[in-house]
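# Tertiary structure, described
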Amino acid sequence: MDFGYSINQSSKIDMDRASGDIAAQVLRYEPSFAVCIGCGACMATCSAGRFTPFNLRRLQLMVMRGQTDSVHAEAEKCMLCGKCRLICPRGINTRNVLLAIHHFTAPAPTLDIR
Amino acid sequence: MYDVAVIGAGIAGIEAATQLAQMGYEVLVVEKDGRAGGHVAGWDRLFPFRRNAAGLTAEMLKMMDRGKAVNILAGTTVADVQRDGQQFRIWLSDGQGITVSAVLIATGFKLFDARRKEEYGYGIYDNVITSADLEQMFASGKPVVTKKGERPKRVAFIHCVGSRDEKVNNRHCSKVCCATAVKQACEIKQMYPDAEVYCFYMDLRMFDRHFETMYLDAQAQYGVIFVRGRLSEAAESIDGRVTVKAEDTLMGKMLKISVDMAVLMAGMEAAEETDKLAAMLKVTVGKDGFLNPADECLQSNFTREKGVFVAGACTGPKTIPETLADARAAAVSIDGYIRVGSEEKSLREEIIGKIRNKREEIRSRRSRSEE
């Protein structure tokens with residue numbers, strides 16, 4: 001019988017189910033990924049984020065929390081201008097982080113790494 | 001004839017000298033500036049209770065003078081130091097030489113030169129000032145105004161300028177700027193109740209006893225608005241206002257705002273020529289430029305060099321109460337050193353030896369467990 005309603009997926013971050021695999025891969029490729037403090041300076045200067053909802057700070061966090069479903073499509077929006085790398089007070093190689101996130105969430109490799 | 005030479009007549013140097021004098025030592029304080037009191041003497045009011053800063057240093061100097069055992073040499077620097085057995089021979093820039101049993105380094109800090117964060121435009125834009133500039137405006141007793149002499153309707157405080165920033169090679173937190181920003185933001189609101197005041201922060205470090213109350217008052221009583229985001233840049237508009245850009249990280253959106261005045265919370269760096277002095281006295285300097293005590297906990301005023309002591313912000317950013325407590329502790333350490341230092345096997349060596357052994361023990365235990 002169809003009651004005309006369905007059950008919504010929970011919107012909470014379930015750390016018991018989340019996988020840290022991609023975060024671990026990104027970390028191995030670019031260890032400075034670990035030291036983000038979420039200050040948002042990267043986004044304040046972001047060329048892509050000015051016109052799209054692209055947000056590197058959020059992207060980093062999503063990978064760290066294993067919420068990677070939409071991450072690859074998001075990473076596509078980056079223009080690789082590198083301003084975030086100039087501004088980052090933690091000295092993160094943000095460009096490498098972005099490329100790594102893009103690579104490790106892609107159906108086929110996008111970087112030449114073993 | 002002096003027993004102890006104190007280098008620096010900021011609050012750390014004055015307090016330590018006063019305490020040492022009370023213990024019966026003859027103290028010479030060498031100060032590079034023309035006056036005693038250091039940074040504090042040039043400040044207007046102090047957090048958390050907005051106590052008058054110049055009043056504090058004046059009171060300290062009065063206390064010191066009461067003993068008549070301290071001599072301050074202003075406008076003088078240390079030219080050279082040589083160890084002579086248990087003692088130090090010190091040559092000063094005025095040509096005089098003195099011999100002392102112990103040296104206390106109390107050289108403090110210097111304010112970060114905000115021009116190094118070029119993207120914030122200090123020294124380029126008219127209405128970008130530093131926390132120290134604002135404090136001088138407050139101290140002048142005149143109303144705070146923009147370069148054109150108008151009262152600001154909107155003011156932004158920018159936290160962490162020159163602190164927590166790998167790009168200027170300053171990893172450390174300068175500790176006092178958050179509380180100073182909140183204090184100054186409230187003071188602006190007090191001066192101009194209808195002004196809008198914003199604080200752009202990365203983390204608000206309200207660590208001390210009364211700081212949370214200040215933060216609460218800033219919100220509840222003064223209506224200061226806090227935005228969590230680090231500035232990417234500031235730009236000057238055609239009418240001389242300042243546009244600042246940040247991500248409002250809690251909103252997840254970019255934010256820009258035009259203000260009449262942007263105040264950069266300049267952080268602390270090790271004082272000028274700390275490294276030179278450290279080399280002269282054989283004290284080790286950390287990667288952050290501040291001096292290393294022999295042990296962070298148990299020997300925080302000792303250095304690895306016998307007879308050389310440290311107090312105040314030369315070992316890292318400190319608040320005023322912390323600095324004063326540190327100076328008193330240094331006086332006690334020096335007293336202990338001088339009293340037992342002449343013995344062949346001093347108490348100090350024993351303690352350091354013990355700590356060293358314990359550390360070796362822990363280290364070897366750790367390396368064993370790693371294998």
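The rules we used
- Residue numbers here run from 1 along each chain, matching the order of that chain's written sequence.
- Ligands are numbered from 1 and chains lettered from A, in the order in which they are written.
- Per-residue local features are limited, in this predicted model, to residues with pLDDT of at least 70; the limit for side-chain atom pairs, both in listing and counting, is 80 or more; totals at the level of whole chains, interfaces and linings are taken over all residues.
- Comment: elements are numbered from the N terminus, with helices defined as DSSP H or I runs of at least four residues and strands as E runs of at least two.
- The globule rule used here is 2.2 Å times the number of residues to the 0.38 power, and the radius of gyration it is set against is calculated over C-alpha atoms.
- Neighbour counting defines burial: a residue surrounded by 20 or more other C-beta atoms within 10 Å of its own C-beta is buried, one with 12 or fewer is exposed, and intermediate counts give partly exposed, using backbone-placed C-beta atoms.
- Residue pairs qualify as contacts under a 7 Å threshold applied to their C-beta atoms, which are placed from the backbone.
- Put simply, Ala, Val, Leu, Ile, Met, Phe, Trp, Tyr, Cys and Pro go in the nonpolar bin, Asp, Glu, Lys and Arg in the charged bin, and everything else, Gly too, in the polar bin.
- For two strands to count as paired, DSSP must find a minimum of two bridges between them.
- Here the axes come from fitting lines to C-alpha atoms, over the contacting stretch only for helices, and the angles between their N-to-C directions go from 0 to 180 degrees.
- As used throughout, a nonpolar core is a set of buried Ala, Val, Leu, Ile, Met, Phe, Trp, Tyr and Cys residues joined through C-beta atoms within 7 Å of each other.
- Source of the domain bounds: an automatic or database domain assignment.

Glancing now at the overall build of chain B. Along the backbone of chain B there are nine helices and 20 strands. Over its C-alpha trace chain B gives a radius of gyration of 23 Å, about what one expects of a compact globule, namely 21 Å for 371 residues. Referenced to the eigenvectors of the C-alpha coordinate spread, the extents of chain B come out at roughly 70 × 60 × 35 Å. Burial statistics for chain B: of 371 residues in total, 44% are counted as buried.

The partner chain B presents 16 residues to the 17 residues of chain A that form the contact. Put simply, the parts of the chain that give the side of chain A that touches chain B at least two residues each are α2 (41-44) and α3 (56-64) of chain A. The biggest single contributor to the side of chain A that touches chain B is α2 of chain A, with three residues. Looking at the side of chain A that touches chain B, its residues break down into seven nonpolar, six polar and four charged.

Residue and element names in this part refer to chain B. Strands sit in the order β6-β7-β8 across an open sheet of three strands; the sheet is antiparallel. Lying at the two open borders of the sheet, with one neighbouring strand each, are β6 (78-84) and β8 (97-100). Ignoring strand direction, the axes of neighbouring strands in this sheet form an average angle of 20 degrees. Sheet topology places β6 next to strand β7 (residues 87-92); six bridges connect them, and they run antiparallel. Of the residues in β7, the one forming a bridge with arginine 83 is phenylalanine 88.

The next thing to look at is the environment of lysine 183 of chain B. Residue and element names in this part refer to chain B. Mapped onto the elements, lysine 183 comes out in helix α5 (residues 177-191). Sequence-wise, lysine 183 and arginine 45 are 138 residues apart; in three dimensions their C-alpha atoms are separated by 9.0 Å. Once residues lying within four places of it in the same chain are set aside, the contact partners of lysine 183 are Phe47, Arg50 and Met214.

Within soluble globular proteins, side chains that are nonpolar tend to cluster in buried spots. Residue and element names in this part refer to chain B. Counting residues in hydrophobic clusters, the biggest one holds 134 residues, and the most contacted among them are Leu104 and Ile105. Examining the composition of this core, we find that eight residues originate from one element, α5, more than from any other. The residue makeup of this core includes at least three contributed by each of domain 1 (4-108 + 271-360) and domain 2 (114-268). The residues touching isoleucine 105, leaving out its near neighbours within four places in the chain, are Ile7, Leu277, Leu281, Val283, Leu291, Val308, Phe309, Val310 and Cys314.

Our focus in this paragraph is the sheet that holds strand β11 (residues 128-130) of chain B. Residues and elements named next belong to chain B. Judged by pairing direction, the sheet is parallel, and its five strands sit side by side in the order β11-β18-β12-β13-β14 without closing on themselves. Each edge of the sheet is formed by a strand with only one pairing partner; in this case those strands are β11 and β14 (225-228). Taken over all neighbouring pairs, the strand axes of this sheet differ in orientation by 25 degrees on average, direction set aside. Alignment of strand β12 (residues 154-161) against strand β18 (residues 261-266), held across five bridges, turns out to be parallel. Bridge pairing links valine 161 to alanine 266 in β18. Where α5 meets the sheet, it contacts β12, β13 (196-201) and β18, and its direction lies at approximately 170 degrees from that of β12.

Residue and element names in this part refer to chain B. Here five bridges tie strand β15 (residues 231-236) to strand β16 (residues 242-248), and the two strands are oriented antiparallel to one another. In the strand pairing of β16, glutamate 236 is matched with valine 242. Counting the residues in the hairpin turn of β15 and β16 gives five residues, including glycine 240, whose phi is positive at 80 degrees.

All names here are of chain B. Entries for chain B in the domain assignment read domain 1 (4-108 + 271-360) and domain 2 (114-268). Between domain 1 and domain 2, the C-alpha centre-to-centre distance is 33 Å. Listed as interface residues are 12 residues of domain 1 and, on the opposing side, 16 residues of domain 2. Residue composition of the side of domain 1 that touches domain 2, by class: five nonpolar, two polar and five charged.

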